[in-house]
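These are the residues of each chain, in order.
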Protein chains: 2
Amino acid sequence: MVITSKDNPKIKALTALHRRENARREGVVFIEGERLCRDAIESGAVLREVVVTEANEDWALDYAKGADVTVVSEKCFEKISSTVHPQGIACVVGQPDMAGTIPFRGNGKDIYCYLEDVQDPGNLGTIIRTADAFDFTAVIMSPGTCDPFNEKTIRASMGSVWHLPLVTKTPDEAFAFCSRKSVSSLAMHLKGEELDKAGITLPVMYLIGNEGRGLTDETSAKCTQLVKIPMPGKAESLNAAAASSIMGYVLSTLR
Amino acid sequence: MVITSKDNPKIKALTALHRRENARREGVVFIEGERLCRDAIESGAVLREVVVTEANEDWALDYAKGADVTVVSEKCFEKISSTVHPQGIACVVGQPDMAGTIPFRGNGKDIYCYLEDVQDPGNLGTIIRTADAFDFTAVIMSPGTCDPFNEKTIRASMGSVWHLPLVTKTPDEAFAFCSRKSVSSLAMHLKGEELDKAGITLPVMYLIGNEGRGLTDETSAKCTQLVKIPMPGKAESLNAAAASSIMGYVLSTLR
């Protein structure tokens, strides 16, 4: 049966998921577009519901794997969609639990990134994508960091939000983990030692601060080491995602 | 005299500069906000005109240095501005010439980035900011790369668009320069040698392709070497600005 009325309660409920606070309250993530949906499903996201237009029923047959499939008219899909040119494919998936413990491999190769109040969804997505590329054990975020399951971050991550553990912890909880597991903590700080002379060893967690103000003094003071990326040019600082990319590469060469 | 009418020809002319094609045709860039304006002026951008609200006349006295100052009412400034909360400070500056020759220091430390059809203004701004931080000689762009003087790129560059030469060249023009000056050319390519084993020497130009399709085969084939950033994780590729940040750091350590 195809839903054709925009006033159908199902359409209203799906449209409400545009607002992340609604989706978050229900413990779900609404994603849209063939590539992002397929990537989430193939990465093991828990599929709650597939929503497609009639033209995409075949896609649903291939990917829904027993989950509920809702078929809607194009007009209804436009209402549900938040894009200008909807592809007619969307999914509701379970939001991964971010409150669990920080995973630890214990092979001496663990790399973590801790984000203190990073605010830009695009930066966050790029940081998660890079962490995935360099096989980090997890990305740990302060409670004030922006939501990794907002649409812009999922897009910027190119689906990497589904590939590695994302955990919310306060700085103190993260430092307690580091000291329990003998993980060194590196503050990215303009007053730090130069990266190539800092004698860094794994396992390691590096900390990146908010785009505007950097890492707080309180958090920096609790790190085992302050490091900086040498910048011989005129720019005073690097974008948070750019700094994180460099750290990811450099630390992964130490494995 | 304070302009208070939105129909004033001056207000209309300034409002027209919102559209980059209008500004480009006049060879100027319209920038807004205290930080971005001050940064452009202090970086040596050629100031054509300062536009401020009455509350910001002092700022204009400090920074206009002989350029025309136009004082407008807040209502008029809102019309000129493209931001939601205008700060009441804007400048019209000359657009740097992008058609000139590629600069060459010849000290054996030259680093260039060549961008083939990079489309995202935020990526472009971050790439320019990173190139500035690592003191590149220039950023070279294909004619199909997005405009570095659009507002989003200027913002993402944190003013770095004013700090280093930005030059538009076709790939063939860039390769001709490289062969004249014995600059090696590195294609960032998933089939390349791993970065840390590639034996790279300066001077060097690395090439990054369009976000969607990467570097074209034609351009890759003309490079002296193909290199890749090793990615042990699940992400299939890196964001263009992330890859460029890693290259900038690694190449600057070779100086």
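Because the structure is a prediction, the values reported are computed rather than measured.

### As for the domain arrangement of chain A
All names here are of chain A. Taken as a whole, chain A is organised into domain 1 (2–94) and domain 2 (111–252). Here domain 1 and domain 2 have C-alpha centroids that lie 32 Å from each other. Listed as interface residues are 10 residues of domain 1 and, on the opposing side, nine residues of domain 2. Those elements that place two or more of their residues in the side of domain 1 that touches domain 2 are strand E2 (28–32) and helix H3 (34–42). Residues of the side of domain 1 that touches domain 2, tallied by class, amount to five nonpolar, three polar and two charged.

### Here we look at the relation of the copies chain A and chain B
For the match of chain A to chain B, the screw axis carries a shift of 0.0 Å, the RMSD comes to 0.0 Å, and the turn is 180 degrees. A rotation of that kind, with that shift, is consistent with a two-fold axis. A shared binding surface is used by both copies, with 100% of the interface residues of chain A retained as interface residues in chain B.

### Some remarks on the packing of helix H10 (residues 240–252) of chain A against helix H10 (residues 240–252) of chain B
The interhelical angle for the contact between H10(A) and H10(B), taken along N-to-C directions, is 60 degrees, at an axis separation of 8 Å. Taken as axis vectors, H10(A) and H10(B) run oblique relative to one another. Our pair here, H10(A) against H10(B), has a crossing hand that is right-handed. Contact with H10(A), carried on its side by Ala241(A), Ala242(A), Ser245(A), Ile246(A) and Tyr249(A), involves Ala241(B), Ala242(B), Ser245(B), Ile246(B) and Tyr249(B) of H10(B) and no other residues of that element. Split into classes, the residues belonging to the contact of H10(A) with H10(B) amount to eight nonpolar, two polar and no charged.

### Structural notes on the sheet that holds strand E6 (residues 111–115) of chain B
Residues and elements named next belong to chain B. If you trace the six strands from one edge of the open sheet to the other, you get E8-E7-E6-E10-E9-E11, paired in parallel fashion. Here the strands that pair on one side only, and so sit at the sheet edges, are strand E8 (166–168) and strand E11 (225–228). Between one strand and the next, the sheet's axes are offset by a mean angle of 35 degrees, whatever the strand orientation. Bridge count for E6 against strand E10 (residues 204–208) is five bridges, and the pairing is parallel. Across the sheet, the residue bridging to Tyr-112 is Met-205, located in E10.

Cut-offs used in this document
Residues numbered from 1 in each chain as written. Chains lettered and ligands numbered in written order. Predicted model: local features only at pLDDT ≥ 70, side-chain atom pairs only at ≥ 80, totals over all residues. Domains from an automatic or database assignment. Contact = placed C-beta atoms within 7 Å. Helix = DSSP H or I, 4+ residues; strand = E, 2+ residues; numbered from the N terminus. Nonpolar A, V, L, I, M, F, W, Y, C, P; charged D, E, K, R; others polar. Least-squares fit on C-alpha atoms with pLDDT ≥ 70 in both. Axes fitted to C-alpha atoms, helices over the stretch in contact; angles between N-to-C directions. Parallel < 35°, antiparallel > 145°, perpendicular 65-115°, else oblique. Left-handed = near helix turned anticlockwise from the far one by under 90°. Pairing = 2+ DSSP bridges.

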